[in-house]
Amino acid sequence: MDKRADRIYLCLAHMSDTGAEQKYVQEAFDTNWVVPLGPNVNGFEKDLEDFVGQSKRVVALSSGTAAVHLGLLACGVGPGDEVLVQSFTFCASSHPITYLGATPVFIDSEKDTWNMDPELLEEAIKDRIAKTGKKPKAIVPVALYGMPYKIDRIMEIANRYEIPVVEDAAEGFGSKFNGQVIGTFGNYGVLSFNGNKIITTSGGGALITADDESWREIMMYATQYRESYPYYQHEKIGFNYRMSNICAGIGRGQMTVVEDHIAHHKKVQKLYEELLSDVKGITVHSQPATGEYDSNYWLCTITLDPDMKVKGQENAYRQVVTGAVGGAAGVIHAAKSTHTDCEPNANVEAMRMGLDALNIEGRPLWKPMHKQPVYKDAPAYVNGVSEALFKVGMCLPAGPYVKEEEVRYICEAIKSLIEE
Ligand SMILES: *Cc1c(COP(=O)(O)O)cnc(C)c1O
């Protein structure tokens, strides 16, 4: 196959065709609201509240990571506590637990949604109570690649043990379970507007809160916990986490196209399902067909049969990698070795390299947190599902800017890389 001229990236920000984002940003300049509060921040929060429904209140923040941090803080997580968190995720779900001096307890996934396994969750709750004499302080399920978690079962367990839930819906903005937007079931819901998510504010996030009281508390924490005096008076330690009025302007513009974006993600997923359905050795991951699930399909994910041979497989992992996945600007480490004790199979790495050579960005799935060196001492309740998926899975480009003919090109590329 011929290499195409333009690279197809995994997921990129996509502005509206109407220039709505620039209009709101210009307004911020024109009215001199170039600060981390203002009309765009209020307007964006109102848009988000209307979008998620359920009479929720929303606080716009500087990142999704900040939203996880404040959600956990508001659940009372502190030094010496434990938090039950999905292992199969990006590090932003679990790192804030450590910011609070608490310990993450990792819960493996079930096979249907790839998200937190409710059975393991309950087993872990019982075992942590038996081992530590204390209940875990919070539960963090994650909507991986947009897929809703089994929120009915998770909430039933959480309610029975009276443990608050912080939903990490960073990748699942607009995904629904039984018609209800995820992030609105638990005590708090996390959204992210990083450049690669369903909508973007360049960088940013939000926390969905259940009522005025928790909304006010989150607002206090997000703005250095300043009491109402003519001078600075602090009764608690707060953070500088409020969203900038400039970023919120981008967000307001993006909210005019959010439904289009989600519809496009779903269309791309459908096309992948169709075009890859008869390719032996490749399985497209789809939501359970039981009717409750309505994923935004933030990214398309596939798994590769371990027996399938991919061209160039014998050369996989020959070279030490010098950059970080996602093009992280701050990476100055070269990898210490070509291998780690838990990595995608050689055929998956060969597929990634083969697609890369054809100017297509594919990526491994999230490496489970319980397999990350930094969390080697954290308790984990595992069934092998996320580790097995990490070895066979990969993400394919999706999003508003991936055109139908590009999906076709990607699928042809995949087929061309499979050894007959
Ligand atoms: C993106 C993401 C977040 C939040 O990340 P930020 O980049 O800080 O906005 C949290 N959890 C998951 C699973 C994510 O993918």
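Up top is the structure.
Residues numbered from 1 in each chain as written. Predicted model: local features only at pLDDT ≥ 70, side-chain atom pairs only at ≥ 80, totals over all residues. Heavy atoms only, no water.

Chemist: Looking at this structure, I do not really get the side chain of glutamate 82. What am I missing?
Modeler: Turning to its location among the elements, glutamate 82 is positioned in strand β2 (residues 82-86). On the basis of relative accessible area, glutamate 82 is assigned to the buried category, the value being 14%. A polar contact of 2.8 Å, which involves the side chain of glutamate 82, links it to the side chain of arginine 128. Apart from the residues within four sequence positions on either side, glutamate 82 is in contact with Thr103, Val105, Arg128, Thr132, Pro136, Lys137, Ala138 and Pro379. (Helix = DSSP H or I, 4+ residues; strand = E, 2+ residues; numbered from the N terminus. Buried < 20%, exposed > 50% of the residue type's maximum accessible area, 1.4 Å probe, protein only. Polar contact = N/O pair within 3.5 Å; in protein donor to acceptor, adjacent residues only side chain to side chain. Contact = heavy atoms within 4.5 Å.)

Chemist: How should the site of the ligand be read in this particular structure?
Modeler: Near the ligand there are 15 residues, and of these Thr65, Asp168, Glu171, Ser192 and Lys197 occur at the shortest range. Contact distances for the ligand include 3.2 Å between an oxygen atom and a side-chain N or O atom of lysine 197. Isolated, the ligand exposes 380 Å² of accessible area, and the fraction of that covered by the protein chains is 93%. Grouping the amino acids of the shell around the ligand by side-chain chemistry returns 4 nonpolar, 8 polar and 3 charged. (Near = heavy atom within 4 Å. Areas by Shrake-Rupley, 256 points an atom, 1.4 Å probe, with all protein chains shown as cover. Nonpolar A, V, L, I, M, F, W, Y, C, P; charged D, E, K, R; others polar.)

Chemist: Before we go on, may I ask you to explain helix α8 (residues 245-254) in this structure?
Modeler: Along an α-helix, residues three or four apart share an orientation, since each turn contains 3.6 residues. For α8, the buried fraction is high: 10 of the 10 residues fall into the buried class. Residues Asn245, Ile246, Cys247, Ala248, Gly249, Ile250, Gly251, Arg252, Gly253 and Gln254 constitute the buried set of α8. Here α8 starts with a cap whose side-chain oxygen sits 3.0 Å from the backbone nitrogen of isoleucine 246, and that cap is serine 244.

Chemist: In this structure, what is going on with the sheet that holds β2? I would like to understand it.
Modeler: Consider a sheet: its strands pair through backbone hydrogen bonds, and that pairing is either parallel or antiparallel. Pairing is parallel in the open sheet, where 4 strands are placed in the order β4-β2-β3-β14. At either margin of the open sheet sits one strand with a lone partner, and together these are β4 (138-140) and β14 (380-381). The sheet contact formed by strand β3 (residues 103-107) and β14 spans 2 bridges and is parallel. From the neighbouring strand, isoleucine 107 faces β14, where its bridge partner is tyrosine 381. (Pairing = 2+ DSSP bridges.)

Chemist: So what exactly am I meant to see when it comes to the side chain of glutamate 21 here?
Modeler: Along the chain, the position of glutamate 21 falls in helix α1 (residues 20-30). The buried charged residue glutamate 21 lacks any salt bridge partner; its closest oppositely charged side chain belongs to lysine 23, at an N-O distance of 10 Å. Those residues in contact with glutamate 21 that lie beyond four places of it in its chain are Met15, Ser16, Gly249, Ile250, Gly253 and Gln254. (Lys, Arg positive; Asp, Glu negative; His and termini not counted. Salt bridge = Lys/Arg side-chain N within 4 Å of Asp/Glu carboxyl O.)

Chemist: Quick question: what am I supposed to make of the environment of serine 386 here?
Modeler: Residue placement: serine 386 occurs in helix α11 (residues 385-392). Serine 386 sits 298 residues away from phenylalanine 88 along the chain, and the two C-alpha atoms are 5.9 Å apart. Filtering out sequence-adjacent residues up to four positions away, serine 386 remains in contact with Phe88, Asp108, Ser109, Pro368 and His370. In this structure the side chain of serine 386 is engaged in a polar contact, spanning 2.8 Å, whose partner is the side chain of aspartate 108.

Chemist: Whenever I open this one, the packing of aromatic side chains confuses me. Can you help?
Modeler: Think of a pair of aromatic rings as described by two things: how far the centres are apart, and how the planes are tilted against each other in angle. The tally for this structure, following the rule as stated, stands at 13 aromatic pairs. Judged by centre distance (4.7 Å) and plane angle (40 degrees), the rings of phenylalanine 51 and phenylalanine 173 are tilted. Of the two residues, phenylalanine 51 sits in helix α2 (residues 39-52) while phenylalanine 173 sits in the loop between β5 (166-168) and β6 (176-177), which places them 122 residues apart along the sequence. Accessibility assignment for this pair places phenylalanine 51 and phenylalanine 173 in one class, buried. For the pair phenylalanine 106 and tyrosine 375, a centre-to-centre distance of 4.9 Å together with 65 degrees between the ring planes defines the contact as edge-to-face. Of this pair, phenylalanine 106 sits in strand β3 while tyrosine 375 is found in the loop between β13 (363-364) and β14, placing the two residues 269 residues apart along the sequence. Of the two residues, phenylalanine 106 and tyrosine 375, both sit in the buried class. Here the basic side chain of arginine 4 rests over the ring of tyrosine 409, its NZ or CZ set 5.5 Å away from the ring centre. Geometry around tyrosine 24 places lysine 23 over its ring, the cationic atom sitting 4.3 Å from the centre. (Phe/Tyr/Trp six-rings, centres within 6.5 Å; stacked < 30°, edge-to-face > 60°. Lys NZ or Arg CZ within 6 Å of the ring centre and 35° of its normal.)

Chemist: Is there a simple way to think about the sheet that holds strand β1 (residues 57-61) in this case?
Modeler: The strand order across the open sheet formed by 4 strands is β1-β9-β8-β5, and the pairing between neighbours is mixed. Among the strands making up the open sheet, the edge pair consists of β1 and β5. Put simply, the sheet's adjacent strands are angled 20 degrees from each other on average, direction ignored. Pairing of β1 with strand β9 (residues 205-209) involves 5 bridges; the strand directions are antiparallel. The residue of β9 that forms the bridge with valine 58 is isoleucine 208. Along the sheet, α2 contacts β1, β8 (188-192) and β9; its crossing angle with β1, the most-contacted strand, is approximately 135 degrees. Here helix α7 (residues 212-222) sits on the sheet and contacts β1, β8 and β9; the angle it forms with β1, its principal contact strand, is near 10 degrees. (Axes fitted to C-alpha atoms, helices over the stretch in contact; angles between N-to-C directions.)

Without other data, these values stay purely geometric and don't point to any function.
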